[in-house]
Amino acid sequence: MTQPVEGKVARTVQRFTSRALGPYQSAVIRIGFAATWLLFLLRELPNRHEMYGPDGPWSWDMGRRLISGNDAFTALMWANNTLWFEIVYGAAVLSSVLLMLGWRTRAMSVIFMIGVLSLQNRSIFMGDGGDNVIHLMAMYLVLTRCAQVWSLDARRAARANAVPGVPPRDRVGPALWLVLGCGLVVATFLNQTGWLVLLVVWLLWVAQGLWWMVSRYAPNSEPRTLLDVLANLTHNAALVVIMAEVCLIYATAGWYKIQGSRWQDGTALYYPLKLDYFTPWPALSDLLASGGLMVMVLTYGTVLVQVAFPFTLFNRRVKNVLLVAMMLEHAGIAVLLGLPFFSLAMIAADAVFLPTAFLVWLGGRAVRGRDRVRSKADVVPEQRRGSQDQPRTLVG
């Protein structure tokens, strides 16, 4: 009786250590959260000084007192000038673009996390709920191997492995590692709070250097295998934490709603539809609010889906149906209540539960669409003939 149990345990351990699970799901959340944060930063580009910069109502001195009290990390507290703010904001935008494309993903995920923490901890009252999700996921993404597919890193690795027996030469990686190391030294001297984040970044920097040395000089050795096992374990554990975080968000939201009287009588959705702040399309909101039955169905349906979702993870069909319902719900929140970035963040978090077969099909469709566009661009249009009245030359 113990042998079958031991066999199952051994197979489970082998599965979690031999490879990084959910490559497509981790790639989707990488792209989703990087794109959400990038779109938010670009939309608020004209208002960045008032939201997080020197012109905001939450002054630098107030922010410094708050940071000294909660020991949060933000690079914006290292200097009180506009130039430094623009550098941090620009680095946040650039890291979002490169993380979304999957270029040097390990380094970009760390810079992406620093940008998210720096801006959000500078002005904690700026956000709509989606910022909390991005805040958490930015830290989890650092621990994942989210560039296995749909990334420039994956394409570079495929090209390097195309020539067997020849070790790939990488000059950009070591140069980037040295530059980031110099930046860490400067950051260590400038930083006054949030030492835990810097300690984690230092450990990641040392680990990445060790990974490169072992991969370069001992690619088939036991230390290389051990590093792979540790990386797979860390990735899989982080993926489980992300899934648990999403379930916790929906479970707590649903159970808190159950305790509210407006959710119990089925009228909760009516009230935000009548608030000017949450009605970007007043005519559409009034049309929806005028239907009492529709308001009641959507109110009860929201509670039912949020409470039931964590319990449906063991039934794929029911889980997929509720997953589509939740994504449609967030799309409706984006349109009706004017909260697009909150909805994008939640949809990106929900994507961790998407079926692999669907993601592979979606990736195939995207590749075929890209190839179709390229083929059309490569077709040389037939050169127009000149008119009879126009003299012909040697070039046309």
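Note that this is a predicted model, so its numbers are computed, not measured. (Residues numbered from 1 in each chain as written. Predicted model: local features only at pLDDT ≥ 70, side-chain atom pairs only at ≥ 80, totals over all residues. Heavy atoms only, no water.)

### Considering a positive patch on the surface
A cluster of like positive charges, contributed by Arg 365, Arg 368, Arg 372 and Lys 376, occupies part of the molecular surface. Tracing the chain through its elements places Arg 365 in helix 17 (residues 356-378). The exposure class assigned to Arg 365 is partly exposed, which follows from its relative accessible area of 48%. (Patch = residues over 30% accessible without salt bridge, like charges linked within 9 Å, V, L, I, M, F, W, Y side chains within 5 Å. Areas by Shrake-Rupley, 256 points an atom, 1.4 Å probe, with all protein chains shown as cover. Salt bridge = Lys/Arg side-chain N within 4 Å of Asp/Glu carboxyl O. Lys, Arg positive; Asp, Glu negative; His and termini not counted. Charge placed at Lys NZ, Arg CZ, Asp CG, Glu CD. Helix = DSSP H or I, 4+ residues; strand = E, 2+ residues; numbered from the N terminus. Buried < 20%, exposed > 50% of the residue type's maximum accessible area, 1.4 Å probe, protein only.)

### What to know about helix 7 (residues 130-141)
Structural remark: α-helix, 3.6 residues per turn; residues separated by three or four positions point the same way. An ideal rise of 1.5 Å per residue puts 16 Å on twelve residues; helix 7 measures up with 16 Å between its terminal C-alpha atoms. Within helix 7, nine of the twelve residues are buried, which leaves it mostly tucked inside the rest of the structure. Within helix 7, burial applies to Gly 130, Asp 131, Val 133, Ile 134, His 135, Met 137, Ala 138, Tyr 140 and Leu 141. Against the buried residues of helix 7 lie helix 2 (23-43), helix 6 (105-122), helix 11 (222-258) and helix 16 (340-350). (Expected span 1.5 Å × (residues − 1). Contact = heavy atoms within 4.5 Å.)

### A short note on the nonpolar core
Residues Phe 33, Trp 37, Leu 41, Leu 119, Met 137 and Phe 309 are the most contacted members of the largest nonpolar core, which totals 72 residues. In contact with Phe 309, not counting residues within four places along its chain, are Cys 247, Tyr 250, Lys 319, Leu 322, Leu 323, Met 326 and Phe 353. (Core = buried A, V, L, I, M, F, W, Y, C linked by side-chain atoms within 4.5 Å.)

### Here we look at the side chain of His 235
Looking at the element boundaries, His 235 is found in helix 11. Residue His 235 is classed as buried on the basis of its relative accessible area, which comes to 0%. Filtering out sequence-adjacent residues up to four positions away, His 235 remains in contact with Ala 20, Leu 21, Ser 26, Leu 143, Thr 144, Arg 145 and Gln 148.

So yeah, pure geometry; function would need other evidence.
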